[in-house]
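# Report on the structure
The chain contents come next:
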Amino acid sequence: ARIPRRGHEAEEHFVRAIEKEPSKSEYHLELGHFYARSGLKVKALTAYQNALQRDPNSDKINKAIQKISG
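The shown structure was predicted, so the numbers you read here are calculated from the model rather than taken from an experiment. Every chain begins its residue count from 1, and numbering advances along the sequence as written. Totals for whole chains, interfaces and linings use every residue, but because this is a predicted model, local features are given only for residues with pLDDT of at least 70 and side-chain atom pairs only at 80 or more, for both listing and counting. Hydrogens and water are ignored here; the side-chain numbers use all heavy atoms of the structure.

## Re the side chain of S58
Heads up, the rule is: The numbering of helices and of strands both runs from the N terminus, where a helix is a DSSP run of H or I of at least 4 residues and a strand a run of E of at least 2. Buried means the residue's accessible area, taken with a 1.4 Å probe over protein chains only, is under 20% of the maximum for its type, while exposed means over 50%, and partly exposed covers the values in between. Pairing of N or O atoms within 3.5 Å defines a polar contact, subject to two protein rules: one partner must be a possible hydrogen donor and the other a possible acceptor, and residues neighboring in sequence count only if both atoms are side-chain atoms.
Within the fold, S58 resides in the loop between α3 (41–54) and α4 (59–69). The class of S58 is buried, set by a relative accessible area of 11%. A distance of 3.4 Å separates a polar atom in the side chain of S58 from the backbone nitrogen of K60.

In C-alpha cells:
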C-alpha cells in the first residue's frame, strides 16, 4: 500500500476477488482495511458498508466502521 504501483496492484487483486465471489464479506472487509491504511477513508467506509450488507451481525465489520467513522 505504501508503494503507489504496488498499492494499485493490491487493490486490483481485492477487486478481482470480489468480482469472483461478491458474497464474501471478508473480501470487502479486507479491501476496506487496505483503503483505511492508504488514507482513503470514504472508500474504506464504502467497502465496510458493502461487507456489512453481506454479514450484518459481524462484530469485526461493525468495529471497523466505528474506527473509521471516528
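## Quick look at the environment of T46
Along the chain, the position of T46 falls in helix α3. You can call T46 partly exposed: its relative accessible area is 40%. Distance from T46 to I61, taken between C-alpha atoms, is 12 Å for residues 15 residues apart in sequence.

## Brief notes about the nonpolar core
Threshold: In this description, a nonpolar core means a group of buried Ala, Val, Leu, Ile, Met, Phe, Trp, Tyr and Cys residues linked to one another through side-chain atoms lying within 4.5 Å.
The biggest cluster of nonpolar side chains holds 13 residues, and the ones touching the most others in it are L29, L31, Y35, A44, Y48 and I61. Among the secondary structure elements, those contributing two or more residues to this core are α2 (25–37), α3 and α4.

## A look at the pattern of salt bridges
Selection rule: In the sections that follow, a salt bridge refers to a side-chain nitrogen of Lys or Arg positioned within 4 Å of a carboxyl oxygen of Asp or Glu.
The final tally for this structure, using the stated rule, is 2 salt bridges. One salt bridge connects E12 with R16, and the closest N-O pair in it is separated by 3.4 Å. Pair noted here: E12 and R16 are both in helix α1 (residues 4–20), with a separation of 4 residues, about one helical turn. Note on E12: relative accessible area 32%, which makes it partly exposed. For R16, a relative accessible area of 42% gives the class partly exposed.

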